[in-house]
Amino acid sequence: MATPHDTHDPDHRPSGGVLMGSLARFFVNRRGRGARNVAQVRPLLDGLDTPTPRDALEIGCGAGAVATWLATERGMAVVATDLDPRQVAVARTRRPPGAAVRHAVMDASRMALGTARFDLVIAQYMLHHVPDWPGLLQETARVLRPGGHLLWLDFALPGWLVRSHHAGPFHGPSVTAACAAAGLTRVRYEGPALGVGTQRAVFRKGSP
Ligand SMILES: C[S@@+](CC[C@H](N)C(=O)[O-])C[C@H]1O[C@@H](n2cnc3c(N)ncnc32)[C@H](O)[C@@H]1O
């Protein structure tokens, strides 16, 4: 699979996102996080009113637990990408033998992946790393098939805190509006009860 590093593109911005520092990497790579991540994704996936997706993409996969689970427990063919080569190395090391997951170092804002290639894209705690997250959502819509789904999970935080962490004004309504502009219709949204925690949403490419 081609990655941004395989081709010379003078316009390519090498960092479409912000790489994690060592403390953040410690939290992302600790073992319990994988099970927590899967537990958050499972109800969104099980709630889809379509047949089980076949081709899945996880962007900003971190240590790769969700991608592995999609392949080994749900029988999907999975591509798992991260901007950070260190995270792709961790995810590859943790991939069980034979699991149908292909890993790649790739900027999700600009993917060397075909148009309408996937039934499912998962973006879990990664969008807040991406300054041009509306652009990333456009790119996500490009690689989704019509009727395919984006599962988006991320922090719901006070605006000042989110702004201090890379991503600019960033909350459920603004993400929903950016998705709509990209042709992704929101079919589900859950915010945290007290306003701070994890927000999660499902978007479908095309009309509901
Ligand atoms: C907080 S971690 C979350 C990792 C994993 N999804 C999880 O929940 O454990 C955010 C990840 O997004 C990656 N990332 C940041 N910008 C990115 C981009 N433009 N394209 C792909 N991955 C990106 C980071 O390298 C990091 O691994």
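Structure's up top.
Every value quoted in this text rests on a predicted model; they were computed, and no experiment measured them.

Colleague: Looking at this model, I keep getting lost on the overall build of the chain. Mind explaining?
Modeller: Per the secondary structure count, the chain includes 7 helices and 7 strands. In the chain, the succession of α and β elements from N to C terminus is α-α-β-α-β-α-β-β-α-β-α-α-β-β. A burial count over the chain gives 39% of its 208 residues as buried. Restricting the contact set of the chain to residue pairs at least 6 apart, pairs at least 24 apart contribute 68%.

Colleague: Explanation requested: the sheet that holds strand E5 (residues 144-156) in the structure shown.
Modeller: Whether parallel or antiparallel, the strands of a sheet pair through hydrogen bonds between backbone atoms. Strand order in this open sheet of 7 strands is E3-E2-E1-E4-E5-E7-E6, and the pairing throughout is mixed. A strand with exactly one partner marks an edge of an open sheet, and here the two such strands are strand E3 (101-105) and strand E6 (184-190). For this sheet the average axis-to-axis angle between neighbouring strands, irrespective of direction, equals 20°. With 8 bridges connecting them, E5 and strand E7 (residues 197-205) associate as antiparallel partners. What sits directly across from Phe155, in E7, is Thr198. Sheet strands touched by helix H3 (residues 65-72): strand E1 (55-59), strand E2 (77-82), E3 and strand E4 (118-124). Its angle to E2, the strand with the most contacts, is close to 175°.

Colleague: So what exactly am I meant to see when it comes to the environment of Ala56 here?
Modeller: By secondary structure assignment, the location of Ala56 is in strand E1. On the neighbour-count criterion, Ala56 (27 C-beta atoms within 10 Å) is buried. Sequence separation between Ala56 and Val79 is 23 residues, and the spatial gap between their C-alpha atoms is 6.3 Å. With residues up to four places along the chain from it excluded, the contact list for Ala56 reads Leu70, Met76, Val78, Phe118, Asp119, Leu120 and Ile122.

Colleague: What exactly am I supposed to notice about the pairing of E1 here?
Modeller: For a regular strand, side chains alternate in direction, first toward one face of the sheet and then toward the other. Of all 5 residues in E1, 4 are buried, a share of seventy percent or more. Where E1 lies against E2, 5 bridges are found, and the strand directions are parallel. For Ile59, the partnering residue across the bridge sits in E2 and is Thr81. As a crossover connection, the stretch from E1 through H3 into E2 is right-handed. Bridge analysis of E1 against E4 gives 4 bridges, and the strand direction is parallel. Looking across to E4, one finds that Leu57 is bridged to Val121.

Colleague: Help me understand H3, please; the structure alone is not making it clear to me.
Modeller: Since the α-helix advances by 3.6 residues per turn, residues separated by three or four positions end up pointing in the same direction. Counting buried positions along H3 yields 7 of 8 residues, so the element is predominantly enclosed. Turning to H3, its buried residues are Ala65, Val66, Ala67, Thr68, Trp69, Leu70 and Ala71. Elements that come into contact with the buried residues of H3 comprise helix H2 (31-46), E1, E2, helix H4 (85-94), E3 and E4.

Colleague: I keep staring at the site of the ligand and nothing clicks. Help me out?
Modeller: Around the ligand sit 24 residues in total, of which Gly17, Gly60, Gly62, Asp84 and Ala108 are the nearest. Of all the secondary structure elements, the ones that give two or more residues to the shell around the ligand are H2 and E2. When grouped by side-chain class, the residues that make up the shell around the ligand number 10 nonpolar, 10 polar and 4 charged.

Colleague: How should unusual backbone geometry be read in this particular structure?
Modeller: Among all residues save glycine, negative phi is the norm, and among peptide bonds the norm is trans. Phi at Ala116 takes a positive value of approximately 55°, unusual for a residue other than glycine. With respect to the element layout, Ala116 can be found in the loop between E3 and E4. Positive phi values are uncommon outside glycine, yet Tyr125 reaches one of about 55°. Residue placement: Tyr125 occurs in the loop between E4 and helix H5 (133-143). Among the residues examined, Tyr125 registers 17 C-beta atoms within 10 Å and is labelled partly exposed.

Rules behind the numbers
- Here the residue numbers are simple positions, counted from 1 along each chain's written sequence.
- Only residues with pLDDT of at least 70 get local features here, since the model is predicted, and only at 80 or more are side-chain atom pairs given and counted; chain-wide, interface and lining totals rely on the full set of residues.
- Every helix listed is a DSSP run of H or I at least four residues long, and every strand listed is a run of E at least two residues long, numbered separately from the N terminus.
- Partly exposed residues are those falling between the two cut-offs: more than 12 but fewer than 20 other C-beta atoms within 10 Å of their own, whereas 20 or more means buried and 12 or fewer means exposed, with C-beta atoms placed from the backbone.
- Here contacts are defined at the residue level, using C-beta atoms placed from the backbone and a cut-off of 7 Å between them.
- A pair of strands is labelled paired if DSSP reports no fewer than 2 bridges between them.
- Axes here mean lines fitted to C-alpha atoms, for a helix over just the part in contact, with angles spanning 0 to 180 degrees between N-to-C directions.
- Handedness of a crossover is defined as follows: with both strands directed away from the viewer, a clockwise route from the first strand across the helix to the second makes it right-handed.
- Near, for a residue, is defined by distance from a backbone-placed C-beta atom to a molecule or strand, with 6 Å as the limit that must not be exceeded.
- Asp, Glu, Lys and Arg are counted as charged, while Ala, Val, Leu, Ile, Met, Phe, Trp, Tyr, Cys and Pro are counted as nonpolar; the rest, among them Gly, fall into the polar class.

Without other data, these values stay purely geometric and don't point to any function.
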